[in-house]
Protein chains: 2
Amino acid sequence: MSFQPHNTANAMIPVRLRLRDSGAAKGDKTNQFDPKVAHLIDHTLLKADATRTDVRRVCEEARRYEFASVCVNPFWVDFVRAELAGSVVKTCTVAGFPLGANLSEIKAAEARSAVRHGAGEVDMVLNIGALRAEEYEIAKNDIQDVVRVCHDAGAIVKVILETALLTDEQKVTACRIAQDAGADFVKTSTGFGPSGATVHDVALMRKSVGSVMGVKASGGIRTLEDFRKMVEAGASRVGASASVRIAEASAV
Amino acid sequence: MSFQPHNTANAMIPVRLRLRDSGAAKGDKTNQFDPKVAHLIDHTLLKADATRTDVRRVCEEARRYEFASVCVNPFWVDFVRAELAGSVVKTCTVAGFPLGANLSEIKAAEARSAVRHGAGEVDMVLNIGALRAEEYEIAKNDIQDVVRVCHDAGAIVKVILETALLTDEQKVTACRIAQDAGADFVKTSTGFGPSGATVHDVALMRKSVGSVMGVKASGGIRTLEDFRKMVEAGASRVGASASVRIAEASAV
């Protein structure tokens, strides 16, 4: 199966990597890791207490390993975009994060602000309460408002389902709604919920959205083994903060 | 020490209750609890997966016990205001919650939207990363932007420090900044951080802000004993989801 570069078409097609079949350059110490791993990772720092020093370090790591993106809270978008200037690494941020129970107008305003400051990807949280109460129009319009803003600016949207709070039936419904609303990815978890990505959920989401949309696994992915399982289950992107360790473990 | 009614001056003056000295009516089953307890509680439901049914129940409880406010995520403000119409219970919501690392313009927009929809109190989260990195002007301006919007609409602002992420010195600095920025309350915790309110932190915050500002203890307050300790340490408001249990335990 061919490698889907992270900087074209946003990895819409599921990539099932055979991790031991790496084409990474050998000998060059800084390039011993498998780029097919690093290129699928959103290098993530969403902690409330992250400082400028922390964010700068994450950007440096992302440039070095060529992660797909650096994913930070909205306050840091401007800084990250500047730190990543001239690299292939995208700036990713969040909207309505991590609870999702914000007004749509605020999620859209947050997205608008993010793309204006240079974010190429926005990970928004579903209105989970609306979904659970079968208020599907609310959930769909909420996503559509963010999608419109992002697509107008050439940015993509990932919809975080927070799968730990949903039944399987609700997960499938949420996938359908995200797809109908024009989102580019569905994503498992915020990392702040009761638990993170599972193989079961990633496979279910991949089955639900087919091969056209992206599926991002996130939350609790700390090792190359975790990463591999998620990609094999159908993830086309992985969110992690242990990205450097995962990339280093992929060295061939 | 006299009882500070929850609906005047927003309990700015620390109230140190003697819980056994209750003036609650006896005999009337629905009024056996101590109103001096209930009147200090922000009845809180900030879970991501809360549904309309959950929010309605919380509003009914708040009317019955006359809690100070119902505190919900922004999506629910309109609904809560309508459910509480004609009662003394205020509508409280959050901004930049729970991570605080949003742009100030978005926190202010969230607050503006909230007060327009009827919120009388807005609990915003400090820019914790800026505070920790000693970027004090950023932290202060962030609060000021929200305070301006809220005060213009007659609403009050509580600044959540997320004390579990700060040193004592940083907590004191955060209190000073919140006070300088014109906030009405400092508040310990989001309930989503590593830990919640402690007697030590509430006492430290009360000492820092003096008697003019409010201090709200929140996070992990589940019993009347917890409540009592917080008020004795200087809290003039308590955020809780176990509010009914606390109020019932105060019955004399």
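Look up: the structure comes first, before these words.
About the cut-offs
Residues numbered from 1 in each chain as written. Chains lettered and ligands numbered in written order. Predicted model: local features only at pLDDT ≥ 70, side-chain atom pairs only at ≥ 80, totals over all residues. Heavy atoms only, no water. Pairing = 2+ DSSP bridges. Helix = DSSP H or I, 4+ residues; strand = E, 2+ residues; numbered from the N terminus. Axes fitted to C-alpha atoms, helices over the stretch in contact; angles between N-to-C directions. Contact = heavy atoms within 4.5 Å. Buried area = accessible area lost by both parts, 1.4 Å probe. Salt bridge = Lys/Arg side-chain N within 4 Å of Asp/Glu carboxyl O. Polar contact = N/O pair within 3.5 Å; in protein donor to acceptor, adjacent residues only side chain to side chain. Nonpolar A, V, L, I, M, F, W, Y, C, P; charged D, E, K, R; others polar. Buried < 20%, exposed > 50% of the residue type's maximum accessible area, 1.4 Å probe, protein only. Right-handed = clockwise from strand over helix to strand, strands pointing away. Least-squares fit on C-alpha atoms with pLDDT ≥ 70 in both.

## As for the sheet that holds strand S3 (residues 90-95) of chain B
All names here are of chain B. Strand order in the closed barrel formed by eight strands is S1-S2-S3-S4-S5-S6-S7-S8, with parallel pairing between adjacent strands. Between one strand axis and the next, the sheet turns through 25° on average, direction left out of account. Both strand S7 (residues 214-218) and strand S8 (residues 237-240) contribute to a ladder of three bridges, which runs parallel. When the sheet's bridge partners are listed, serine 218 is paired in S8 with glycine 239. Where helix H8 (residues 199-209) meets the sheet, its contacts fall on strand S6 (185-187) and S7, and the angle it forms with S7 comes to roughly 165°.

## Section: the interface of chain B and chain A
Contact with chain B, which involves 33 residues of that partner, is made by 33 residues of chain A. Carbon and sulfur atoms supply 62% of the area that chain B and chain A bury against each other, a total of about 2,900 Å² over both sides. In terms of surface lost to chain A, no three residues of chain B exceed Ala48, Phe75 and Leu99 of chain B, which account for 22% of the buried area on that side. Where chain B meets chain A, there are six salt bridges. Scanning the region where chain B abuts chain A turns up twelve residue pairs in polar contact (both at pLDDT 80 or more). Mapped by element, the contributors of at least two residues to the side of chain B that touches chain A are helix H2 (52-65), helix H4 (104-116) and helix H5 (128-132) of chain B. Ranked by residue count, the leading element in the side of chain B that touches chain A is H4 of chain B, at six residues. Here the side of chain B that touches chain A is built from residues that sort into 18 nonpolar, seven polar and eight charged.

## Some thoughts on the pairing of strand S1 (residues 41-45) of chain B
All names here are of chain B. For S1, the tally of buried residues reaches five of five residues, placing the bulk of the element in the interior. Side-chain alternation along S1 places Ile41, His43 and Leu45 on one buried face and Asp42 and Thr44 on a second face that is also buried. With three bridges connecting them, S1 and S8 associate as parallel partners. If you follow aspartate 42 over to S8, its bridge partner there is glycine 239. Taken together, the four bridges between S1 and strand S2 (residues 69-72) define a ladder with parallel strand orientation. The residue bridging aspartate 42 from the neighbouring strand is serine 69, located in S2. Handedness of the crossover joining S1 and S2 through H2 is recorded here as right-handed.

## Notes on the relation of the copies chain B and chain A
Its rotation angle being 180°, the transformation that places chain B on chain A also includes 0.0 Å of axial translation and leaves an RMSD of 0.0 Å. Such a combination of turn and shift is consistent with a two-fold rotation axis. An overlap of 100% is found between the interface residues of chain B and their copies at the interface of chain A, pointing to a shared contact surface.

## Looking at the side chain of threonine 190 of chain B
Residue and element names in this part refer to chain B. The topology assignment puts threonine 190 in the loop between S6 and H8. Here phenylalanine 192 takes part through its backbone nitrogen, which lies 2.9 Å from a polar atom of the side chain of threonine 190. At a separation of 3.4 Å, a polar atom in the side chain of threonine 190 contacts the main-chain amide nitrogen of glycine 193. Aside from chain neighbours lying at most four places away, what touches threonine 190 is Phe97, Pro98, Val125, Ile160 and Glu162.

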